[in-house]
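Coordinates in review
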Amino acid sequence: MAGLEMLSFNIKDGYLEGILRGFKSGLLTVPEYNNLCQCESLEDIKLNLTSSDYGSYLANEASPLYTTTIVEKCTQKLVDDWNHMRCQADEKLAMFLDYCTYGHMIDNVVLIVTGTLHERDVQELLDKCHPLGMFDSIATLAVAQNMRELYRLVLVDTPLAPYFSENLTHEDLDEMNIEIMRNTLYKAYLDDFAQFCHSLGGTTAEVMSDLLAFETDRRALNITLNSIGTELTRDDRKKLYSNFGLLYPHGHNELAGAEDFDQIRAAMEKVPAYAAIFSKLGFGESQMLDKLLYEEEVKRCRDTYEQQFHYAVFYAYMKLREQEIRNIMWISECVAQDQKSRISDGIVYTF
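Structure report, in brief. A quick note: this is a predicted structure, and the numbers were derived from the prediction, not measured.

Parameters at a glance
- Residues numbered from 1 in each chain as written.
- Predicted model: local features only at pLDDT ≥ 70, side-chain atom pairs only at ≥ 80, totals over all residues.
- Heavy atoms only, no water.
- Helix = DSSP H or I, 4+ residues; strand = E, 2+ residues; numbered from the N terminus.
- Rg over C-alpha atoms; globule rule 2.2 N^0.38 Å.
- Buried < 20%, exposed > 50% of the residue type's maximum accessible area, 1.4 Å probe, protein only.
- Polar contact = N/O pair within 3.5 Å; in protein donor to acceptor, adjacent residues only side chain to side chain.
- Contact = heavy atoms within 4.5 Å.
- Phe/Tyr/Trp six-rings, centres within 6.5 Å; stacked < 30°, edge-to-face > 60°.
- Lys NZ or Arg CZ within 6 Å of the ring centre and 35° of its normal.
- Core = buried A, V, L, I, M, F, W, Y, C linked by side-chain atoms within 4.5 Å.
- Expected span 1.5 Å × (residues − 1).
- 1 Å grid on protein atoms, 1.4 Å probe; cavity = no way out; pocket = protein on both sides within 12 Å on 5 of 7 lines; lining within 4 Å.
- Points joined across faces, edges and corners; volume = space filled by probe spheres on them.
- Nonpolar A, V, L, I, M, F, W, Y, C, P; charged D, E, K, R; others polar.

Observations concerning the overall build of the chain
What the chain contains, in helices and strands, is 19 helices and 0 strands. Taken over the C-alpha trace, the chain has a radius of gyration of 21 Å; the compact-globule value for 351 residues is 20 Å, and the two agree within 12%. Projecting the C-alpha coordinates of the chain onto the three principal axes gives extents of approximately 55 × 50 × 45 Å. The buried share among the 351 residues of the chain stands at 49%.

Put into structure tokens, the structure is as follows:
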């Protein structure tokens, strides 16, 4: 019942919420980012991260360092935190934490299938997969020739099975079909996740509905942007949009018919929350849109910590930690390629 979570929440989930808020306090602050921006080499970045939560993960890495190594070790910190909480979670929270990782699972499936299409080595592809999205039979994805085989041979025993079974086709897996598959799966996944959060009720349902609505609207925007100039029809686009969000349903109708960035902008600006984002965007600056959307996501995730007794803080922690890893990757790449003047262009401060 809404508003009564405080009576029973701490019995099962209070310890883990305390642990999580401890993890959250370890996120990098603005002064720490300023120090990272002054680094002259990847070894300097490693030295600056020594006093952070990543210190123990990077301590034994010998020179020469590479950006991929730093990102891999930072990701391992998130994975360890997540697995620690998942092992101790009660049934409902455990299910919620699993739902948070299904997106990584979908990305891993798409990565393996796309890599196989380009005849890349399977082991090399597995090394690039996100650890939170791994499952036992992932290596055998390489044998599938179409979506029906992909489902029947591999995915039938994974949590993604319900999303696949509704969207099976006999079409061979080419690049266009793989992208359609990714977005169709994400639609089914986000619809299911939203339904699950609604079933939990209370503050979790309220806060997560806001976070997932933003996620699904961002995906609708990206699908529209990426499909301009392709053979996707208006109806094809609409099938890839989720069945909820601030843009649903009228915004989806407008986005489906949009043929250039200005029409997309006009459709998005009819929603006040997104009008504020686009107002920061000068005309012809569409490349800055990703950063503005990441900043909005971070703001929403930070706001989840203003309330207690709900699960959305776990989802927010994952998103904030992933943004921090993207920031570290951007800084490392700029330093490695001697492009320090561009560092501030890609950083989205989390706290």
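Once the structure has been displayed, the description carries forward.
Considering the side chain of Asn183
Along the chain, Asn183 turns up in helix 11 (residues 175-200). Within the structure, the side chain of Asn183 is placed 3.0 Å from the backbone oxygen of Glu179, a separation counted as a polar contact. Excluding anything up to four places from it in sequence, Asn183 contacts Arg219, Ile223 and Leu240.

Considering the packing of aromatic side chains
According to the stated counting rule, one finds 16 aromatic pairs in the structure shown. Aromatic pair Phe193 and Tyr315: ring centres 6.2 Å apart, planes at 65 degrees, arrangement edge-to-face. In this pair, Phe193 is assigned in helix 11 and Tyr315 in helix 18 (residues 312-336), connecting sequence segments 122 residues apart. The residues Phe193 and Tyr315 share a single accessibility class, namely buried. Cluster of aromatic residues (ring-pair linked, three or more members): Phe9, Phe96, Tyr99, Tyr102, Tyr163, Tyr186, Tyr189, Phe193, Phe196, Phe309, Tyr311 and Tyr315. Here the guanidinium or amino end of Lys24 rests over the ring plane of Tyr305, the centre of that ring lying 4.9 Å away.

Examining the nonpolar core
If you look at the biggest cluster of nonpolar residues, it comprises 70 residues, and the most contacted ones within it are Phe96, Val109, Phe164, Met181, Phe193 and Phe314. The greatest single-element share of this core, amounting to 13 residues, is contributed by helix 7 (residues 91-117). Sequence-distant contacts of Phe193, that is, excluding residues within four places in its chain, are made with Phe96, Tyr99, Cys100, Met208, Leu212 and Tyr315. Core analysis: the second largest hydrophobic core is formed by 23 residues, Tyr241, Ala258, Ala267 and Phe278 among them.

Description of helix 18
Compared with an ideal rise of 1.5 Å per residue, which puts 25 residues at 36 Å, helix 18 spans 36 Å between its outermost C-alpha atoms and is within 8% of the ideal. Counting buried residues in helix 18 gives 20 out of 25 residues, a clear majority hidden from the surface. Remark: Asp338 follows helix 18 within two positions and exhibits a positive phi of approximately 55 degrees.

A word on the environment of Asn35
Relative to the elements of secondary structure, Asn35 occurs in helix 3 (residues 30-37). Take Asn35: its relative accessible area is 43%, and that puts it in the partly exposed class. Separated by 13 residues in sequence, Asn35 and Asn48 place their C-alpha atoms 7.2 Å apart.

Things to note about empty space enclosed by the protein
The rolling of a water-molecule-sized probe over the atoms marks out the regions of remaining empty space. For the structure on display, the rule yields 2 cavities of 30 Å³ or more. Put simply, the largest cavity is a space of about 60 Å³. For the lining of the largest cavity, the secondary-structure elements that each account for two or more residues are helix 11 and helix 12 (202-227). Grouping the constituent residues of the lining of the largest cavity by class yields 6 nonpolar, 3 polar and 2 charged. Considering only enclosed or pocket space, the second largest cavity measures out at about 30 Å³ in volume. As for the second largest cavity, its lining consists of Leu211, Phe214, Glu297, Arg300, Cys301 and Tyr315. When contributions to the lining of the second largest cavity are tallied by element, the ones reaching two or more residues are helix 12 and helix 17 (289-303). Among the elements that line the lining of the second largest cavity, the one with the most residues is helix 17, at 3 residues. The class makeup of the residues in the lining of the second largest cavity is 4 nonpolar, no polar and 2 charged.

Brief notes about unusual backbone geometry
At the junction of Ser63 and Pro64, the peptide bond is cis and its omega measures out at 0 degrees in the coordinates. One can find Pro64 in the loop between helix 5 (55-58) and helix 6 (67-88). In this model, Tyr248 is joined to Pro249 through a cis peptide bond whose omega is -5 degrees. Locating Pro249 in the fold gives a position in the loop between helix 13 (234-240) and helix 14 (250-257). A positive phi is found at Glu119, a non-glycine position, where the angle reads about 60 degrees. Following the sequence through the fold, Glu119 ends up in the loop between helix 7 and helix 8 (122-128). When its relative accessible area of 75% is taken as the criterion, Glu119 is described as exposed.

Here's the deal with helix 2 (residues 14-24)
Regarding helix 2, the residues found buried are Gly14, Leu16, Glu17, Leu20 and Phe23. Where helix 2 is buried, its residues touch helix 1 (5-12), helix 6, helix 7 and helix 18.

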